[in-house]
Amino acid sequence: MTAVPAPTPAPLPAESDLVRAARGLPVRRTPVWFMRQAGRSLPEYRALRAGTRMLEACQDPDLVTEITLQPVRRHGVDAAILFSDIVLPLVVAGVDIDIKPGVGPVIAQPVRTVADVAALPPLEPDRLDFLATAVRRLVAELGGTPLIGFAGAPFTLATYLIEGGPSKEHARTKAFMYAEPEAWGRLLDRLAVSAATFLTTQADAGASAVQLFDSWAGVLSAADYAERVLPHSRAVFDALGDRDLPRIHFGVGTGELLPLLGDAGADVVGVDWRVPLDEAARRVGPDRSLQGNLDPAVLLADRASVDREVRRVVAQGRAARGHVFNLGHGVLPDTDPGVLTAVVDLVHELTAT
Ligand SMILES: Cc1c2[nH]c(c1CCC(=O)O)Cc1[nH]c(c(CCC(=O)O)c1C)Cc1[nH]c(c(CCC(=O)O)c1C)Cc1[nH]c(c(C)c1CCC(=O)O)C2
């Protein structure tokens, strides 16, 4: 009889490859997860969400738990990300927001004046019980797989509040920033406080890492970002205090801002597909890890192109202190989920030690 080796116990999430890569420690293999891994690319998500509005689903701990687990089961990714949305803290505080399918968040009464800023309701932490419940359940279900908690950064939330919905140029947002610097500062302060409440709730309920999404910060010059935005993002990270969990910071089109995203308080800087990871590593320096940066559109191409691009990202990621494989932005709804699973397998195979 051959002795069957005892199965290795699942490591704790704090010892997972995601957390280790985020800290620049050696990994078993490069960890992989995908922004928007939960969502419309998955038929099981569409089935579960049918008949429930997005913002209602986000406040139902059963649905949040199940939707968050779906991509972990299907793809074998190395992290779960809480199913929620960046506008949720505003919704819970009482701001009238809807997420329109195919459009994004739409605000009934946009913030356009100093008085509008003053009238924004604060987020009461005791209204986040549903969030803490969902996170605790997820942590229990996930075993050794880490859960990433997240929040929207003050600037990106301000773009939705001021524009009234999604926009390309963010011209009203910038005009407000220049014309009303004091009210701008107050608005971003408030958004930083609610983002911090949202994040610390997830951290205290057991999340193993956090990501701050400043998706649209790339529309700013480095000088404006440094002076008018970075201090507020830093305040969100600072609110985590000495909680021992890695901090990821991401935005689209932020090639010129990468060192500043790090300076705001990140252990890991998320990079979109525009800057190769070896160049991004030079920009953020040796004290930070990188996350990224396969172009999500590549996943719609033929398998040979997917394979080639994944290999390139993995190779260039070796220049970083640590690498968390991800896309350069969220999974596109038309993506074949089988391709996502194949990417996870390929990254693991290429990087197994
Ligand atoms: C800018 C932003 C938003 N929301 C978010 C961001 C930052 C990330 C980014 O840059 O993409 C963050 C977000 N939104 C969602 C998650 C869940 C976790 C994940 O899997 O990444 C996360 C991390 C679910 C969602 N958030 C949304 C969906 C789609 C809802 C649906 O199923 O109809 C999901 C799964 C809706 C949403 N919410 C927002 C947009 C632009 C949209 C898309 C609108 C659309 O195309 O229908 C605002």
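The written sequence of each chain sets the order in which its residues are numbered from 1. Local features in this predicted model are restricted to residues of pLDDT 70 or higher, and side-chain atom pairs are both shown and tallied only at a pLDDT of 80 or more, whereas totals for entire chains, interfaces and linings draw on every residue.

Trainee: Where do I start with the environment of Leu 220 in this structure?
Mentor: Its place among the elements puts Leu 220 in the loop between strand E5 (209-213) and helix H11 (222-228). Residues with at least 20 other C-beta atoms within 10 Å of their own are called buried, those with 12 or fewer are called exposed, and the rest are partly exposed. The C-beta atoms themselves are positioned from the backbone. When the 26 C-beta atoms within 10 Å are taken as the criterion, Leu 220 is described as buried. Through-space distance from the C-alpha of Leu 220 to that of Leu 257 is 8.7 Å; in sequence the pair is 37 residues apart. Excluding its chain neighbours within four sequence positions, the residues that come into contact with Leu 220 are Tyr 225 and Val 229. A run of H or I in DSSP becomes a helix once it reaches four residues, and a run of E becomes a strand once it reaches two; helices and strands are each numbered from the N terminus. What counts as a contact here is a pair of residues whose C-beta atoms, placed from the backbone, lie within 7 Å.

Trainee: Whenever I open this one, the confidence of the model for the protein chain confuses me. Can you help?
Mentor: In low-pLDDT regions, the fine details of the predicted coordinates are not to be read closely. Confidence of the predictor at the level of single residues is given by pLDDT, which spans 0 to 100. For the protein chain, the average pLDDT comes to 96, and 97% of its residues sit at 70 or higher. Looking at the elements of the protein chain, mean pLDDT is at its lowest for strand E2 (residues 97-100), recorded as 96, and at its highest for strand E9 (residues 323-327), recorded as 99. Prediction confidence for the complex, expressed as pTM and ipTM, is 0.96 and 0.92 respectively.

Trainee: What am I meant to see in the site of the ligand here?
Mentor: All residues are tested the same way: a C-beta atom is placed from the backbone, and lying within 6 Å of a molecule or strand makes the residue near it. In the vicinity of the ligand there are 24 residues, among which Ala 38, Gly 39, Gly 104, Phe 213 and Ser 215 approach most closely. Considered class by class, the residues forming the shell around the ligand number 13 nonpolar, 7 polar and 4 charged. When residues are grouped by polarity, Ala, Val, Leu, Ile, Met, Phe, Trp, Tyr, Cys and Pro land in nonpolar, Asp, Glu, Lys and Arg in charged, and all others, Gly among them, in polar.

Trainee: Looking at this structure, how should I read helix H14 (residues 277-284)?
Mentor: For an α-helix the count is 3.6 residues per turn, leaving residues at separations of three or four pointing the same way. Of the residues making up H14, those classed as buried are Leu 277, Ala 280, Ala 281, Arg 283 and Val 284. Seen end-on, H14 carries its buried residues on one side only, within an arc spanning 160°. Looking at the buried positions of H14, the neighbouring elements they touch are helix H13 (258-263), strand E7 (268-270), strand E8 (289-294), helix H15 (303-317) and E9. Looking one or two residues beyond H14, the residue adopting positive phi is Gly 285, at roughly 85°. Along the arc lie the directions from the helix axis toward the C-beta atoms.

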